[in-house]
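Each chain, letter by letter, is given below.
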Amino acid sequence: QDWLDAKIAPTMDGQPYLFERREVLRQFADPSRRMALNVLAGRVFENGGMNATLREVDHLADIYSAGMRADPFRKKAILAFLLVAGNRASRGLGVTWATGAPMDYQLARILSWKGVITMSPEFDALLRSPDVLLPIESEQVYHMRAATFVGIERLSEETGVPSWLVDGALFNGYRKDPAFI
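Note that the structure is predicted; figures quoted are calculated from it, not measured. (Residues numbered from 1 in each chain as written. Predicted model: local features only at pLDDT ≥ 70, side-chain atom pairs only at ≥ 80, totals over all residues. Heavy atoms only, no water.)

Colleague: Sorry if this is basic, but what is going on with the overall build of the protein chain here?
Modeller: Within the protein chain, the secondary structure is distributed over 10 helices and two strands. If you list the helices and strands of the protein chain from N to C, you get α-α-α-β-α-α-α-β-α-α-α-α. Oriented by its inertia axes, the alpha-carbon framework of the protein chain measures out at about 50 × 45 × 30 Å. By the burial criterion, 35% of the 181 residues in the protein chain qualify as buried. Sequence separation of 24 or more characterises 56% of the internal contacts of the protein chain that already satisfy a separation of 6 or more. Within the structure as shown, the protein chain displays about 10,600 Å² of accessible surface, and the carbon and sulfur contribution to it stands at 58%. When the 21 basic and 22 acidic side-chain charges of the protein chain are each reduced to a single mean position, those positions are 5 Å apart. (Helix = DSSP H or I, 4+ residues; strand = E, 2+ residues; numbered from the N terminus. Buried < 20%, exposed > 50% of the residue type's maximum accessible area, 1.4 Å probe, protein only. Contact = heavy atoms within 4.5 Å. Areas by Shrake-Rupley, 256 points an atom, 1.4 Å probe, with all protein chains shown as cover. Lys, Arg positive; Asp, Glu negative; His and termini not counted. Charge placed at Lys NZ, Arg CZ, Asp CG, Glu CD.)

This is the structure we're talking about:
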């Protein structure tokens, strides 16, 4: 894939995580990975609907491992499926969702702010710090994401709204709310 390096090298010099970013782009340009994605899409969109499960999320993370596999919660892979689910739902097409929400700092903060989950004031302050990115494998992040998952699922059950829509409504509705920021 020398042609890819020749195309992207001038735009990426000086970027942080240069090697990792190049590998992500290489994987997206790899025809064999595209074929694997087509097989996955055939399974996800079988019978005209969309059936998104954790099995498919893991499969997508395996296909594009450089960009999606490192996160044990598969946030990027789930977000990729969310984009497709939102597009399909907006056009009145069927979506079956069984993957959970992509758990991140913002959702945890929003759920805490709205009283759905509880975080200590110290941890909340840590999440609000623009200079802190906690290690993904840390116990704090694990518990925060687990609480976020449970909070989103509970809201989904109580409202009858799919978890992927609850996630989007909270994230898009509150992340820039002046009362939240």
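Colleague: Explain helix α1 (residues 2-12) here, please?
Modeller: One turn of an α-helix holds 3.6 residues; hence residues three or four places apart share an orientation. Those residues of α1 not exposed but buried are L4, I8 and M12. The buried residues of α1 all sit within an arc of 40 degrees when viewed along its axis, so they share a single face. Exposed and facing more than 90 degrees away from the buried side of α1 are D2, W3, A6, K7 and P10. If you follow the buried residues of α1, they end up packed against α2 (18-29). Of the residues flanking the end of α1, it is G14, one or two places downstream, whose phi is positive at about 85 degrees. (Arc of directions from axis to C-beta.)

Colleague: Explanation requested: the confidence of the model for the protein chain in the structure shown.
Modeller: Interpretation of the predicted coordinates at a detailed level should be avoided for regions scoring low in pLDDT. Confidence along the protein chain averages 86 in pLDDT terms, with 99% of residues attaining 70 or more. Mean pLDDT across the secondary structure elements of the protein chain bottoms out at α1, with 77, and peaks at helix α3 (residues 31-44), with 95. (pLDDT = per-residue confidence, 0-100.)

Colleague: What should I look at first to understand the layout of surface pockets in this one?
Modeller: A probe as big as a water molecule, rolled over the atoms, marks out the empty space that is left. Reported here for the largest pocket is a volume of approximately 910 Å³. Every residue lining the largest pocket is counted, 24 residues in all, and those nearest its centre are G67, A70, D71, K76 and I136. When contributions to the lining of the largest pocket are tallied by element, the ones reaching two or more residues are α2, α5 (65-68), α6 (75-90), α7 (105-113) and α9 (139-159). Ranked by residue count, the leading element in the lining of the largest pocket is α2, at four residues. Each residue belonging to the lining of the largest pocket can be placed in one class, and the counts come to 13 nonpolar, two polar and nine charged. (1 Å grid on protein atoms, 1.4 Å probe; cavity = no way out; pocket = protein on both sides within 12 Å on 5 of 7 lines; lining within 4 Å. Points joined across faces, edges and corners; volume = space filled by probe spheres on them. Nonpolar A, V, L, I, M, F, W, Y, C, P; charged D, E, K, R; others polar.)

Colleague: What is the right way to look at the nonpolar core in this model?
Modeller: Soluble globular proteins: nonpolar side chains tend toward being buried together. Counting residues in hydrophobic clusters, the biggest one holds 18 residues, and the most contacted among them are L40, M50, L60, F81 and W97. Looking at this core, the element that brings in the most residues is α6, giving five residues. Not counting the four nearest positions on each side in its chain, F81 is found in contact with L40, V44, M50, A52, E56, V57, L60 and W97. L107, I117, L170 and F180 belong to the second largest nonpolar core, which has 17 residues in total. (Core = buried A, V, L, I, M, F, W, Y, C linked by side-chain atoms within 4.5 Å.)

Colleague: When you look at a nonpolar patch on the surface in this model, what are you seeing that I'm missing?
Modeller: Residues F45, L83 and V84 make up a contiguous nonpolar surface patch of roughly 270 Å² in combined accessible area. Tracing the backbone shows L83 in helix α6. (Patch = residues over 30% accessible without salt bridge, like charges linked within 9 Å, V, L, I, M, F, W, Y side chains within 5 Å. Salt bridge = Lys/Arg side-chain N within 4 Å of Asp/Glu carboxyl O.)

Colleague: Can you walk me through the packing of aromatic side chains in this structure?
Modeller: Two aromatic rings, taken as a pair, are described by how far apart their centres are and by the angle between their planes. Within the structure shown, the criterion is met by three aromatic pairs. The interplanar angle of 20 degrees and the centroid separation of 4.4 Å between the aromatic rings of F28 and Y64 together place this pair among those described as stacked. Here the residue F28 occupies a position in helix α2, and Y64 occupies one in the loop between α4 (54-63) and α5, the gap between them amounting to 36 residues. The partly exposed category is assigned to F28, whose relative accessible area is 48%. For the pair W113 and Y174, a centre-to-centre distance of 5.3 Å together with 85 degrees between the ring planes defines the contact as edge-to-face. You can see W113 sitting in helix α7 and its partner Y174 sitting in helix α10 (residues 163-174), a full 61 residues away along the chain. Directly above the aromatic system of W113 lies the positively charged group of K114, at a separation of 4.3 Å from the ring centroid. (Phe/Tyr/Trp six-rings, centres within 6.5 Å; stacked < 30°, edge-to-face > 60°. Lys NZ or Arg CZ within 6 Å of the ring centre and 35° of its normal.)

Colleague: Looking at this model, I keep getting lost on unusual backbone geometry. Mind explaining?
Modeller: With glycine set apart, most residues show a phi of negative sign, and most peptide bonds adopt trans. Residue N47 is not a glycine yet carries a positive backbone phi of 65 degrees. Looking at the element boundaries, N47 is found in the loop between α3 and β1 (51-53).

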